[in-house]
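Remarks on the overall topology
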Amino acid sequence: QVQLVESGGGLVQPGGSLRLSCAASGSIFRFWTMGWYRQAPGKERELVATYLSRSSTNYADSVKGRFTISRDNAKNTVYLQMNSLKPDDTAVYYCHIRELDYWGQGTQVTVSS
């Protein structure tokens, strides 16, 4: 059974950086479409970034130029590097495998002074 373990969330000041990790166990996701989503209090879940291959990534307009999604196939891990963080980035961030419609448990990111 596939398991997703997310880590890297926490409290950071505006302008700071965090790197989220999503490690999969029980299956190989090399050919899956991986995604990061987030949900802030009182708002709907939204897509942040997707990764199909190094040449096929997509980002929400709100994070373009600040966030980078990447994947380490040897470690079965997808990352979300978040730079220049803003208070509006505060949310629970979820890892997702599109082909399996499988979600991680989420990790809290709080951007506040």
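Coordinates for the structure precede this section.
Analysis parameters
- Residues numbered from 1 in each chain as written.
- Predicted model: local features only at pLDDT ≥ 70, side-chain atom pairs only at ≥ 80, totals over all residues.
- Heavy atoms only, no water.
- Disulfide = S-S within 2.5 Å.
- Helix = DSSP H or I, 4+ residues; strand = E, 2+ residues; numbered from the N terminus.
- Pairing = 2+ DSSP bridges.
- Axes fitted to C-alpha atoms, helices over the stretch in contact; angles between N-to-C directions.
- Core = buried A, V, L, I, M, F, W, Y, C linked by side-chain atoms within 4.5 Å.
- Buried < 20%, exposed > 50% of the residue type's maximum accessible area, 1.4 Å probe, protein only.
- Contact = heavy atoms within 4.5 Å.

1. Re the state of the cysteines
- Enumeration according to the criterion identifies one disulfide in this entry.
- Disulfide pairing is shown between Cys22 and Cys95; the S-S distance is 2.1 Å. Residues Cys22 and Cys95 are joined by a disulfide whose S-S torsion is about -85°; by sign, that bridge is left-handed. Of this pair, Cys22 sits in strand β3 (residues 18–25) while Cys95 sits in strand β9 (residues 91–97), and the two are 73 residues apart along the sequence.

2. Quick look at the sheet that holds strand β1 (residues 3–7)
- Overall, antiparallel pairing links the four strands, which are arranged β1-β3-β8-β7 in an open sheet. In this open sheet, the two edge strands, each paired with only one partner strand, are β1 and β7 (67–72). Going across the sheet, the axis of each strand differs from the next one's by a mean of 15°, ignoring polarity.
- In terms of strand pairing, β1 meets β3 through five bridges, oriented antiparallel. Bridged to Gln3 within β3 is Ser25.

3. Some points on the nonpolar core
- Among the nonpolar cores identified, the biggest contains 28 residues, and Trp36, Val48, Phe67, Leu80, Met82 and Tyr93 are the most heavily contacted of them.
- For this core, the secondary structure elements donating two or more residues are β3, β4 (34–39), β5 (46–53), β7, β8 (77–82), β9 and β11 (107–111).
- Excluding anything up to four places from it in sequence, Met82 contacts Gly16, Ser17, Leu18, Leu20, Arg66, Phe67, Tyr93 and Val109.

4. Examining the environment of Gly16
- Mapped onto the elements, Gly16 comes out in the loop between β2 (10–12) and β3.
- Under the relative-accessibility criterion, Gly16 is labelled buried at 19%.
- Apart from the residues lying within four places of it in its own chain, the contact partners of Gly16 are Met82, Asn83, Ser84 and Leu85.

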